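Chain and residue survey
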Amino acid sequence: MGIRLPSMIHNAKQILKRHNNHALKSADQVVPRGHIAVYVGEMERKRFVVPISYLNHPLFADLLDRAEEEFGFNHPMGGLTIPCKEDAFIDLTSRLH
């Protein structure tokens, strides 16, 4: 009964590789404290993370009203979905800084 060290090392490397890939994907999903994730786009949605202070700004509130009209409380992405063009969202949020 012998130990096959090369195959054990190979298996360990595969497990670590899968774990690291999963950790990287999970890190992408983390929302920092004081922020909220929103999904923006008309057809294909892109995820943005914005400060929660934006929620009180009148321009951002207009986007939230549009989201409420279109989706109500049923957001297909599982998060807050804003129905506007990505470029318009970026332009708006750049003015809120």
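Please refer to the structure placed before this passage.
Residues numbered from 1 in each chain as written. Predicted model: local features only at pLDDT ≥ 70, side-chain atom pairs only at ≥ 80, totals over all residues. Heavy atoms only, no water.

**Considerations on the environment of Pro-51**
Our working definition: Here a helix means four or more residues in a row that DSSP labels H or I, a strand means two or more in a row labelled E, and each is numbered from the N terminus. The buried label applies to any residue whose accessible area, calculated with a 1.4 Å probe on protein chains only, is under 20% of its type's maximum; exposed applies above 50%, and partly exposed to all values in between. Working rule for contacts: check all heavy atoms of both residues, and any pair within 4.5 Å makes them a contact.
In this structure, Pro-51 sits in strand S2 (residues 46-51). We classify Pro-51 as partly exposed; its relative accessible area is 25%. Remark: the alpha-carbon pair of Pro-51 and Ala-37, spanning 14 residues in sequence, is separated by 8.9 Å. In this view, Pro-51 contacts Gly-34 and His-35; residues no more than four positions away in its chain are not counted.

**A look at the packing of aromatic side chains**
Our working rule: Only Phe, Tyr and Trp rings are paired, with Trp represented by its six-membered ring, and only when their centres lie within 6.5 Å; those with planes under 30 degrees apart are stacked, over 60 edge-to-face, the remainder tilted.
Counted by the stated rule, this structure contains three aromatic pairs. With a centroid separation of 6.0 Å and an interplanar angle of 55 degrees, the aromatic rings of Tyr-54 and Phe-60 are classed as tilted. A relative accessible area of 0% places Phe-60 in the buried class.

**Examining the sheet that holds strand S3 (residues 80-82)**
Note the cut-off: Pairing between two strands is assigned when DSSP locates at least 2 bridges connecting them. The angle between two axes is taken between their N-to-C directions and runs from 0 to 180 degrees, where each axis is a line fitted to C-alpha atoms and a helix contributes only its stretch in contact.
Strands sit in the order S2-S1-S3 across an open sheet of three strands; the sheet is mixed. Two strands close off the open sheet at either side, each with one partner strand: S2 and S3. Averaged over all pairs of adjacent strands, the angle between their axes in this sheet comes to 40 degrees, without regard to strand direction. Across the sheet, helix H2 (residues 58-71) touches S2 and S3, and the angle it forms with S3 is around 100 degrees. Here helix H3 (residues 86-96) sits on the sheet in contact with strand S1 (35-40), S2 and S3, set at roughly 15 degrees to S2.

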